[in-house]
Amino acid sequence: MNNTNHIQEELVTKVMEALESIRPFLNKDGGDIELVDVQDKTVYVRLLGHCSSCGISSSTMKLGVESTIKQYAPEIETVINI
């Protein structure tokens, strides 16, 4: 495995750990989240269940998901809900 693949793998692991840490809060409200992709310094996620249609999902993304991912993986610059 070359160094670039190893770095990418570590980054994906950190993002997955971040998502696992916030999943219980989303589940409590009938929602969930899945990791779609990590490209460069951008994470693509999909809000599921009640979270996908919730009126405050943009706040959830910015204040909950994005901030948590950046705590676990400071190299991430952007988190996009697709």
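See the structure shown above.
First things first, this report covers the structure right here in the doc. In this text, all values refer to a predicted model and were calculated from it rather than measured experimentally. (Residues numbered from 1 in each chain as written. Predicted model: local features only at pLDDT ≥ 70, side-chain atom pairs only at ≥ 80, totals over all residues. Heavy atoms only, no water.)

**Digging into the pairing of strand β2 (residues 42–49)**
Piece 1. Here eight bridges tie strand β1 (residues 31–39) to β2, and the two strands are oriented antiparallel to one another. Across the sheet, Gln 39 pairs through a bridge with Thr 42, a residue of β2.
Piece 2. Connecting β1 to the antiparallel partner β2 that follows it, the hairpin turn spans two residues, and Asp 40 within it adopts a positive phi of roughly 55°.
Piece 3. Two elements, β2 and strand β3 (residues 78–81), share four bridges in a ladder whose sense is parallel. Residue pairing in the sheet places Val 43 in a bridge with Val 79 of β3. (Pairing = 2+ DSSP bridges. Helix = DSSP H or I, 4+ residues; strand = E, 2+ residues; numbered from the N terminus.)

**Comments concerning helix α3 (residues 57–72)**
Three or four residues apart is the spacing at which side chains of an α-helix point the same way, because the helix has 3.6 residues per turn.
Piece 1. Taking 1.5 Å of rise per residue, 16 residues should cover 22 Å, and α3 covers 21 Å from first to last C-alpha, within 8% of that figure.
Piece 2. In the structure, α3 departs most strongly from a straight axis at Glu 66, where the bend amounts to approximately 30°.
Piece 3. Looking at the buried positions of α3, the neighbouring elements they touch are α1 (3–28), β1, β2, α2 (50–53) and β3. (Expected span 1.5 Å × (residues − 1). Bend = angle between axes of the 7 residues up to and from the residue. Contact = heavy atoms within 4.5 Å.)

**Concerning the pattern of salt bridges**
Piece 1. By the definition in use, this model includes six salt bridges.
Piece 2. Between Arg 23 and Asp 32 there is a salt bridge, and its shortest N-O distance comes to 2.6 Å.
Piece 3. Among the residues examined, Arg 23 registers a relative accessible area of 16% and is labelled buried.
Piece 4. Residue Asp 32 is classed as partly exposed on the basis of its relative accessible area, which comes to 24%.
Piece 5. Between Glu 77 and Lys 41 there is a salt bridge, and its shortest N-O distance comes to 3.7 Å. A residue pair is termed long-range when its members are at least 10 positions apart, and Glu 77 in the loop between α3 and β3 and Lys 41 in the loop between β1 and β2 qualify at 36 residues.
Piece 6. We classify Lys 41 as partly exposed; its relative accessible area is 43%.
Piece 7. Salt bridges linked by common partners bring Glu 20, Arg 23 and Asp 32 together as one network. (Salt bridge = Lys/Arg side-chain N within 4 Å of Asp/Glu carboxyl O. Buried < 20%, exposed > 50% of the residue type's maximum accessible area, 1.4 Å probe, protein only.)

**A short note on a nonpolar patch on the surface**
Piece 1. Together, Val 36, Ile 80 and Ile 82 line one region of the surface with nonpolar side chains, adding up to about 220 Å² of accessible area.
Piece 2. Note on Ile 82: relative accessible area 47%, which makes it partly exposed. (Patch = residues over 30% accessible without salt bridge, like charges linked within 9 Å, V, L, I, M, F, W, Y side chains within 5 Å. Areas by Shrake-Rupley, 256 points an atom, 1.4 Å probe, with all protein chains shown as cover.)

**Comments concerning the sheet that holds β1**
Piece 1. Read from one edge to the other, the open sheet built from three strands follows the order β1-β2-β3, with strand pairing classed as mixed. Across the chains shown, the open sheet's two edge strands, defined by having one partner strand only, are β1 and β3. Geometrically, the sheet is characterised by an average inter-axis angle of 30° between neighbouring strands, direction not taken into account.
Piece 2. The sheet contacts of α1 involve β1 and β2, and relative to β1 the element is tilted by about 165°.
Piece 3. Across the face of the sheet, α3 comes into contact with β1, β2 and β3 while running at roughly 140° to β3. (Axes fitted to C-alpha atoms, helices over the stretch in contact; angles between N-to-C directions.)

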